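Below are the chains, spelled out letter by letter.
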Amino acid sequence: MEYYIDKQAGVSNHGNINQMKQLMIRAKRGEDLTIAFLGGSITQGCLASDPKLCYAARVFDWWEKTFPQAEFTYINAGIGGTTSQFGNARVQEDVLNYAPDLVFVEFSVNDDSTEFFLETYEGLVRKILSDEKNPAVMLVHNVRYDDGGNAQVQHAKVARHYDLPGVSMQSSIYPQVVGGVIPNRAITEDDLHPNDTGHALVAEVITYFLQQILDETDTELEMCIEENAQAKLPSPITANRYEQAVRCQNTYELVWTNGFVADHTPQDGITDVFKNGWTATQPGASIQFEIEGTGIAIQYRKSVKKPAPIAKVVVDGDNERAVILDANFNEDWGDCLYIDTVLYHGQNRLHHVEITLTYDVPDAKVPFYLVSVIGSN
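Because the structure is a prediction, the values reported are computed rather than measured. (Residues numbered from 1 in each chain as written. Predicted model: local features only at pLDDT ≥ 70, side-chain atom pairs only at ≥ 80, totals over all residues. Heavy atoms only, no water.)

Caption draft 1: Layout of the confidence of the model for the protein. Looking at the protein as a whole, the pLDDT averages 95, with 97% of positions reaching at least 70. Counting contacts from residues 221-228, a segment whose pLDDT is below 50, to residues more than four positions away or on other chains yields 17 contacts. (pLDDT = per-residue confidence, 0-100. Contact = heavy atoms within 4.5 Å.)

Below you can see the structure in the form of structure tokens.
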């Protein structure tokens, strides 16, 4: 069944579309182009019956069908349950190393609508815009279909400040759900992840805007328009402490272990997330890091297999501010790649981080899995 949505209302920010036009001109010429999608589980394609039916693959399909003379490479860098905080730490490896010409960024249902995620999101967007390849960027704001919640209020500040095109499901699909025109179970099983029909609607909103840009570009397609030099970014609207985030895994040198064992099992793609870290099982096991920056986050596995171990992290010997890392996950959909921020806007210097298994869980079903330590500037 086809559902009507106001796709024009889905254009949340028109922005400066010159780079998008130039990209389409290059596609018309038959160039080789790489299109990347960075986000969470919706981008990854969760609840789509086939990876080819997720919104990202459908949007990529639009490019291939619209410009058959060009050669396109598809990069899907969606990882379920992750935010723009982690996006900062992995965007270089998972996206920018492939020299993308266009990056779609989607974190609006994984980020909370807070100043913290405004800062992490801005850092991520700035990191992409600063890349030497100078990729075009489009922001995608998905939505929760039970309450309309997302981080668009915060993320839209970034769209406006950097004059970036953006699309919104909150203003296009969600109103039809609230109005009863589209039954929520017709497009989503859990009010968050679209099914095949829901993914198709998300893709429609995006490709509508792309077609609109193409229509505006038609009169220029045969003109030789050279790419603009990389524009100087405006000053950030936040403290911008996350643009240069660094992820430390078991190849990191400034680490000392006592009972934590490095996991060198080969990783099977970016969604095989519990790899390249360390495991520990015995109370008292510890691992120490020296890491520079103003912010530190601990990334570890929360498991549905209970009971799971519990650890403690102490920064710079300050036991009064110790943070508990509870690996028990109170959901049933699967293990979670979780991040706890343990230092926020601290002094910009070398910090000492110690993680210790402090609680005896003799019948623990899984070891404690430390995936990485993330430092930000």
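Caption draft 2: Region of the structure containing the packing of helix H3 (residues 55-66) against helix H9 (residues 196-217). Relative to each other, H3 and H9 sit at 40 degrees, their axes nearing to 8 Å. Crossing hand, H3 versus H9: right-handed. Of the residues in H9, those in contact with Tyr 55, Arg 58, Val 59, Trp 62, Trp 63 and Thr 66 of H3 are Asp 196, His 199, Ala 200, Val 202, Ala 203, Ile 206, Thr 207, Leu 210, Gln 211 and Leu 214. (Axes fitted to C-alpha atoms, helices over the stretch in contact; angles between N-to-C directions. Helix = DSSP H or I, 4+ residues; strand = E, 2+ residues; numbered from the N terminus. Left-handed = near helix turned anticlockwise from the far one by under 90°.)

Caption draft 3: Representation of the sheet that holds strand E1 (residues 11-13) within the structure. Here we have 6 strands laid out as an open sheet, ordered E1-E6-E5-E4-E2-E3, and mixed in their pairing. Of all the strands in the sheet, the pair left with one neighbour each is E1 and strand E3 (71-78). Shown here is a sheet whose adjacent strand axes are inclined to one another by a mean of 20 degrees, direction ignored. When strand E2 (residues 32-39) meets E3, the two strands line up parallel, connected through 8 bridges. Residue pairing for E3: Ala 36 is matched across the bridge by Ile 75. Lying over the sheet, helix H1 (residues 18-29) contacts E2, E3, strand E4 (102-106) and strand E5 (136-141), oriented at roughly 135 degrees with respect to E2. Helix H5 (residues 115-129) rests against E2, E4 and E5 of the sheet, and its axis sits at about 155 degrees to E5. (Pairing = 2+ DSSP bridges.)

Caption draft 4: Just a nonpolar patch on the surface, in detail. A grouping of Leu 254, Trp 256 and Leu 350 is seen on the molecular surface, where their side chains present a nonpolar patch of about 290 Å² in accessible area. Structurally, Trp 256 is set in strand E8 (residues 255-258). (Patch = residues over 30% accessible without salt bridge, like charges linked within 9 Å, V, L, I, M, F, W, Y side chains within 5 Å. Areas by Shrake-Rupley, 256 points an atom, 1.4 Å probe, with all protein chains shown as cover. Salt bridge = Lys/Arg side-chain N within 4 Å of Asp/Glu carboxyl O.)

Caption draft 5: The arrangement of the pairing of strand E12 (residues 295-302) in detail. The element E12 is largely enclosed, with a buried count of 8 among its 8 residues. As judged from the 6 bridges shared by E12 and strand E17 (residues 368-376), these two strands associate in the antiparallel manner. The residue bridging Ile 298 from the neighbouring strand is Val 373, located in E17. Sheet analysis places E12 next to strand E15 (residues 336-343), joined by 7 bridges and oriented antiparallel. (Buried < 20%, exposed > 50% of the residue type's maximum accessible area, 1.4 Å probe, protein only.)

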